[in-house]
Amino acid sequence: MNLEQLIFELCAVHGVSGSEGPALNTAKKYLEQTAEVSVENNGNLIAVLGNKGADKTILLDAHLDRIGFIITDIDDEGFVKVDRLGGVDIRTLQDSVLVSENGLKGTVCCLPPHLSDGSGDKATPIDKTWVDFGMMKEQVEKQLKIGDTLTFSTQPRKLLGDKITASALDDRCGVAALIRAAELIDTDEYKVVILLSTQEETYGTGAKTGAFSVGSDEAIAVDVSFASQPDVTGQYGKIELGKGPMICISSVLSREMSNKLISVAKERDIPYQLEPIAGATGTNGDHIAVTKSGVRTAVVSIPQRYMHTPVEVISISDVENTAHLIAAYINCGGAFHG
């Protein structure tokens, strides 16, 4: 598998929270080669491999959706009003180009500096953000309607070495890691379910319902977390791209699973980094852990710079090592047997 090509393909498609169809179709095409695939009512993709009749089930989750915008109004001159779907950083909006699911592009309206007295030189709040599609209202309404979604119009790009930049790496690189892991998993002892979940960026609905329907014994949520960059200090100032996935340690999570992941990484010589969190992880792991009577859960994150912007940056090797770590964990039976 060409992992870079897979990530680029996943990041190039739309799939804003609540409208994940394009991302689902791309992931489905790959997972059908190694697993039995189905789609749940709310758009979750479920892929089953391993021993489908086994007593023990291990769940692997990554979310399909990306941050974006929803159209809330179209004014008399054809300007389109938007609101956030997920945690969009409004500082990145000025001069951005947004694209609709049907490929229509518009630019975010901004005030030229020549017409500003400087007193309002701050990020324009979302309730004052409009998009210009270059058309009058009648033309806009033939192609867009209130409730349609938009996202950043960008293309994935290579940087030096194995680094890449793209929007939607959160969490399309996690999706790619699980697609790659599906190629590496080799067990007839356990049932393995890959859940590519919807709506993580807005409400976590996909993980909540998906984990409930699967009813697993163990679960690993794969997402992104913070890597070092200028002006970042503290524990995340020590996290480096290319030095392996981050194994989370939190009171919300299973300490046995975190320890087993660390042990497997050491045994297989897979690079890893630690992410201690004093409480909720901010990932789907929080939702999965409290499903039904509780699910033993771990979180593995891919280090990333510039999260929730159009220029997120990761290392391809961290995605590959995430896949190898998860596959090795499953192939050796997980943290709990029987």
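Above this text sits the structure in question.
Residues numbered from 1 in each chain as written. Predicted model: local features only at pLDDT ≥ 70, side-chain atom pairs only at ≥ 80, totals over all residues. Heavy atoms only, no water.

(A) Summary view of the pattern of salt bridges. In total, this model carries 12 salt bridges according to the counting rule given. Measuring nitrogen to oxygen at the nearest pair gives 2.7 Å for the salt bridge that ties E218 to K56. Here K56 lies in the loop between β2 (45-50) and β3 (57-63) and E218 lies in strand β13 (residues 218-226), a separation of 162 residues in the sequence. Neither E218 nor K56 differs from the other in exposure class; each is buried. Between K137 and D76 there is a salt bridge, with the nearest N and O atoms lying 3.6 Å from each other. Within this pair, whereas K137 is found in helix α3 (residues 137-143), its partner D76 is found in the loop between β4 (68-74) and β5 (80-85), the two being separated by 61 residues in sequence. On the basis of relative accessibility, which here comes to 21%, the residue K137 falls in the partly exposed class. (Salt bridge = Lys/Arg side-chain N within 4 Å of Asp/Glu carboxyl O. Helix = DSSP H or I, 4+ residues; strand = E, 2+ residues; numbered from the N terminus. Buried < 20%, exposed > 50% of the residue type's maximum accessible area, 1.4 Å probe, protein only.)

(B) Region of the structure containing the sheet that holds β4. Overall, antiparallel pairing links the six strands, which are arranged β4-β5-β8-β7-β6-β9 in a closed barrel. Here the average twist between neighbouring strands, direction ignored, is 45°. By the bridge criterion, six bridges tie β4 to β5 in an arrangement that is antiparallel. By the bridge assignment, D73 is partnered in β5 with K81. (Pairing = 2+ DSSP bridges. Axes fitted to C-alpha atoms, helices over the stretch in contact; angles between N-to-C directions.)

(C) Broad picture of unusual backbone geometry. The step from D170 to D171 runs through a cis peptide bond, and the omega angle for that step is 5°. By the secondary structure assignment, D171 is in helix α4 (residues 169-184). Residue Q199 is not a glycine yet carries a positive backbone phi of 60°. Position of Q199 among the secondary structure elements: in the loop between β12 (191-197) and α5 (205-214). With phi around 60°, D269 is a residue other than glycine that occupies positive phi space. Tracing the chain through its elements places D269 in the loop between α6 (255-267) and β15 (273-277).

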